[in-house]
Amino acid sequence: MINRRIILAGAAALALSTSVASAQDWKGKYPEITFAVVPAENASGVTERYTPFVSYLSKELGIKVNLRVANDYAAVIEGQRAGNIQIGYYGPASFSRARLTGVKTDAFVIDVNSDGSKGYYSVFYVLAKSPYQKIEDLKGKNLGLVDPNSTSGNNMPRFVLNKLNIVPESFFANVTYTGSHENAILALQQKTVDVAANWWNSEDDSNLSRMEHKNLAKRSDFRTIYKSDLIPNSPYAYLADLPPDLKAAIRKAIMESPTNDKAAFDKLSDGKDKGFKEVDHAFFQPVVELVLFVDSLRKQKRT
């Protein structure tokens with residue numbers, strides 16, 4: 001007579017066998033994958049920051065994970081559109097742009113800040129010694145933005161300026177896309193621009209604080225003249241048509257990284273982040289609306 005214990009053991013063995021076979025199926029199709037990151041800082045800085053994390057993912061997934069440092073935000077969008085990038089670390093606006101333009105990519109986790117919050121801000125910086133106290137003081141001066149697909153470096157700044165009835169291309173003498181958040185700060189430091197947009201979590205966690213940590217800038221040399229409303233944190237997104245078991249493995253590895261490889265996880269944010277939270281694309285609907293609003297401003301400018 002077959003007892004319950006034998007039946008349960010058999011079921012467990014079958015489930016394990018099925019799981020192993022399923023993993024072998026996706027590993028056969030994806031012996032390696034690519035993880036791409038938008039250029040929030042210079043290429044060497046991104047590489048140094050993400051290499052330990054990508055090595056951790058390779059170990060956890062049991063396949064090779066390649067790090068790609070994108071030249072610009074659009075490169076991650078187009079790489080996922082072409083199927084060449086399996087996992088992308090986006091800004092909220094560039095992820096929303098990808099979805100709006102038909103890229104089949106799904107957000108699955110975001111960073112959680114050290115205080116438990118799940119968002120960040122767009123700020124306008126000026127030099128501390130400059131006379132400017134508010135955006136309206138900068139008429140006829142030079143504005144530094146980051147990238148057309150940057151949330152804190154373009155979309156939110158344009159939304160803020162519109163609320164102030166400011167059309168950037170006519171209010172400022174020049175509007176320059178610097179290519180990265182670091183470059184925007186450097187342009188301000190070198191007086192190529194008079195005001196620069198950037199991202200900011202807190203006094204101790206911002207692009208500027210990270211640059212200070214690398215001896216690229218001093219926070220005391222800059223002053224904030226505007227801080228936006230909260231923006232949802234940046235998503236990790238994988239291709240929607242990846243095998244479900246591969247997506248589950250990626251999600252599990254990233255969610256467990258603060259415990260499984262704390263050093264690699266801490267490297268991502270200089271130890272400022274608390275962990276990850278699972279999300280889906282609906283979390284970014286406010287950013288989708290922001291992107292569509294900025295698009296409408298461009299259309300108005302052309303007509």
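Above this text sits the structure in question.
Please read all numbers here as calculations on a predicted model, not as lab measurements. (Residues numbered from 1 in each chain as written. Predicted model: local features only at pLDDT ≥ 70, side-chain atom pairs only at ≥ 80, totals over all residues. Heavy atoms only, no water.)

Caption draft 1: Spatial organisation of the overall build of the protein chain. Counting secondary structure elements, the protein chain contains 11 helices and 13 strands. By its C-alpha atoms, the protein chain is 90 × 45 × 30 Å across when sized along the principal axes. By residue count, 50% of the 303 residues in the protein chain fall in the buried class. Partitioning the intrachain contacts of the protein chain with sequence separation of at least 6 by distance along the chain shows that 77% fall at a separation of at least 24. Looking at the protein chain as shown, the accessible area adds up to about 14,300 Å², and 52% of this sits on carbon and sulfur atoms. Once the 38 positive and 33 negative side-chain charges of the protein chain are each reduced to a mean point, those two points are 2 Å apart. (Helix = DSSP H or I, 4+ residues; strand = E, 2+ residues; numbered from the N terminus. Buried < 20%, exposed > 50% of the residue type's maximum accessible area, 1.4 Å probe, protein only. Contact = heavy atoms within 4.5 Å. Areas by Shrake-Rupley, 256 points an atom, 1.4 Å probe, with all protein chains shown as cover. Lys, Arg positive; Asp, Glu negative; His and termini not counted. Charge placed at Lys NZ, Arg CZ, Asp CG, Glu CD.)

Caption draft 2: Highlighting the pattern of salt bridges. Applying the stated criterion across every chain yields a total of 17 salt bridges. Note that D137 and K134 form a salt bridge whose closest N and O atoms lie 3.1 Å from each other. In this structure, E256 engages K252 in a salt bridge whose closest nitrogen and oxygen atoms are separated by 3.1 Å. Residue E256 and its partner K252 are both found in helix α9 (residues 244-260); the two are separated by 4 residues, about one turn of the helix. A single network of salt bridges, built from pairs that share partners, joins E41, R49, E182, K214 and D270. (Salt bridge = Lys/Arg side-chain N within 4 Å of Asp/Glu carboxyl O.)

Caption draft 3: Geometry of helix α10 (residues 262-269). Buried within α10 are the following residues: A264, F265, D266, L268 and S269. Close packing links the buried residues of α10 with α2 (43-61), α8 (207-213), β12 (235-239), α9 and β13 (273-278). Following α10 by one or two positions, D270 adopts a phi angle in the positive range, close to 55°.

Caption draft 4: Molecular detail of the packing of α2 against α9. One way to put it is that α2 packs onto α9 with a least axis distance of 10 Å and a crossing angle of 120°. Comparing their axes, α9 and α2 come out oblique. Where α2 crosses over α9, the two elements pack in a sense that is right-handed. For the pair α2 and α9, the contacting residues are F53, Y56, L57, E60 and L61 in the first and A249, I250, A253, I254, E256, S257 and N260 in the second. (Axes fitted to C-alpha atoms, helices over the stretch in contact; angles between N-to-C directions. Parallel < 35°, antiparallel > 145°, perpendicular 65-115°, else oblique. Left-handed = near helix turned anticlockwise from the far one by under 90°.)

Caption draft 5: Up close: the packing of aromatic side chains. Under the defined criterion, the tally for this structure stands at 18 aromatic pairs. On the numbers, 6.3 Å between centres and 65° between planes, the contact of F35 with F53 is edge-to-face. A residue pair is termed long-range when its members are at least 10 positions apart, and F35 in strand β1 (residues 32-37) and F53 in helix α2 qualify at 18 residues. One exposure class covers both F35 and F53, and it is buried. Centroid distance F283 to F284: 5.1 Å. Interplanar angle 85°. Geometry classified as edge-to-face. The exposure class of F284 is buried, given its relative accessible area of 0%. (Phe/Tyr/Trp six-rings, centres within 6.5 Å; stacked < 30°, edge-to-face > 60°.)

Caption draft 6: Main features of empty space enclosed by the protein. The tally for this structure, following the rule as stated, stands at 1 cavity of 30 Å³ or more. By volume, the largest cavity is sized at about 440 Å³. Surrounding the largest cavity, 28 residues form its lining, A40, Y89, W199, R210 and S234 being those nearest its centre. With 3 residues, the top contributor of residues to the lining of the largest cavity is α2. The class makeup of the residues in the lining of the largest cavity is 12 nonpolar, 11 polar and 5 charged. (1 Å grid on protein atoms, 1.4 Å probe; cavity = no way out; pocket = protein on both sides within 12 Å on 5 of 7 lines; lining within 4 Å. Points joined across faces, edges and corners; volume = space filled by probe spheres on them. Nonpolar A, V, L, I, M, F, W, Y, C, P; charged D, E, K, R; others polar.)

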